[in-house]
Amino acid sequence: MHLDVSGELHLVCQRCLQPMTWPVAVKTELTQFSDEATLDEAEEQDEDLEGMLVDPALDIDALVEEEVLLAVPFAPRHDACEGTSGTADKADKPNPFAVLATLKTRKAED
Ligand SMILES: [Zn+2]
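Residues numbered from 1 in each chain as written. Predicted model: local features only at pLDDT ≥ 70, side-chain atom pairs only at ≥ 80, totals over all residues. Heavy atoms only, no water.

Peer 1: So what exactly am I meant to see when it comes to the coordination of the zinc ion here?
Peer 2: Tetrahedral metal sites with four donors have an ideal angle of 109.5 degrees; octahedral sites with six donors have ideal angles of 90 or 180 degrees. The coordination sphere of the zinc ion, as far as protein atoms go, consists of C13 (SG), C16 (SG), H78 (ND1) and C81 (SG), spread over 2.0 to 2.3 Å. Around the zinc ion sit four donor atoms; with metal-centred angles ranging over 103 to 124 degrees, the donor geometry is tetrahedral. Each donor residue of the zinc ion belongs to the same chain, and together they define the spacing C-x2-C-x61-H-x2-C. Taken as a pair, C16 in the loop between strand 1 (2-12) and strand 2 (19-29) and C81 in the loop between helix 2 (60-71) and helix 3 (96-109) lie far apart in primary sequence, 65 residues in all. (Donors = N, O, S within 2.8 Å, 3.2 Å for Na, K, Ca; no water. Tetrahedral: all angles 85-135°; square planar, octahedral: opposite > 155°, others 65-115°. Helix = DSSP H or I, 4+ residues; strand = E, 2+ residues; numbered from the N terminus.)

Next comes the structure, spelled out in structure tokens:
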């Protein structure tokens, strides 16, 4: 089975705490086996092999969700943070955590 997932996730940057779009691109090859013994044997012979048992009631949505979750970074960050001086949401109160993050960054740069 060939799984090809692409799209966009809306995450929060763990450095500047601003929203960020994270492009998802997951490509997985899953080999289906009819019994566990054959699966185990095949996985032993090929470490890269991703095997699974044939399941007539396979929940594709759950499978896709699992693969995407595995691919999402634990602490997503912008490649380059724009900082907190953005013009987009000036009306909003500054996020105290974002301010804190800025202070920390400045301290580190000194
Ligand atoms: Zn950022």
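Peer 1: Teacher, can you tell me more about helix 2 here?
Peer 2: Owing to its 3.6 residues per turn, the α-helix brings residues three or four apart onto one side. For helix 2, spanning twelve residues, the distance from its first C-alpha to its last is 17 Å, which sits close to the expected 16 Å at 1.5 Å a residue. Every buried residue belonging to helix 2 is among L63, E67 and V68, and all of these are buried. One face of helix 2 carries all of its buried residues, which in axial projection span an arc of 130 degrees. Helix 2 presents D61, E65 and L69 as exposed residues on the side facing more than 90 degrees away from its buried surface. Among the structural elements, strand 1 and strand 2 are those in contact with the buried residues of helix 2. Where helix 2 starts, the residue carrying a side-chain oxygen 3.2 Å from the main-chain nitrogen of D61 turns out to be D59. (Expected span 1.5 Å × (residues − 1). Buried < 20%, exposed > 50% of the residue type's maximum accessible area, 1.4 Å probe, protein only. Arc of directions from axis to C-beta. Contact = heavy atoms within 4.5 Å. Polar contact = N/O pair within 3.5 Å; in protein donor to acceptor, adjacent residues only side chain to side chain.)

Peer 1: Can you walk me through the pattern of salt bridges in this structure?
Peer 2: Close approach of charged atoms lets side chains of opposite charge pair. Tallied over the entire structure, the rule returns one salt bridge. K27 serves as the salt-bridge partner of D4, at 3.9 Å between the closest nitrogen and oxygen. Of the two residues, D4 is situated in strand 1 and K27 in strand 2; the sequence distance between them amounts to 23 residues. Among the residues examined, D4 registers a relative accessible area of 46% and is labelled partly exposed. (Salt bridge = Lys/Arg side-chain N within 4 Å of Asp/Glu carboxyl O.)

Peer 1: Would you mind showing me how to read the side chain of T28 here?
Peer 2: Among the secondary structure elements, T28 is positioned in strand 2. A relative accessible area of 6% means that T28 is categorised as buried. Engagement of the side chain of T28 in a polar contact is seen with the side chain of E67, the distance being 3.2 Å. Here T28 is in contact with M1, H2, L3, E50 and E67, once residues within four sequence places are set aside.

Peer 1: What should I look at first to understand the pairing of strand 2 in this one?
Peer 2: Looking down a regular strand, the side chains alternate between one sheet face and the other. Here strand 2 shows a clear split, with M20, W22, V24, V26 and T28 buried on one side and none of P19, T21, P23, A25, K27 and E29 buried on the other. Pairing of strand 1 with strand 2, which is carried by eleven bridges, proceeds in the antiparallel orientation. Residue pairing in the sheet places V5 in a bridge with V26 of strand 2. Hairpin connection, strand 1 to strand 2: the antiparallel pair is bridged by six residues, and L17 has positive phi, about 60 degrees. (Pairing = 2+ DSSP bridges.)

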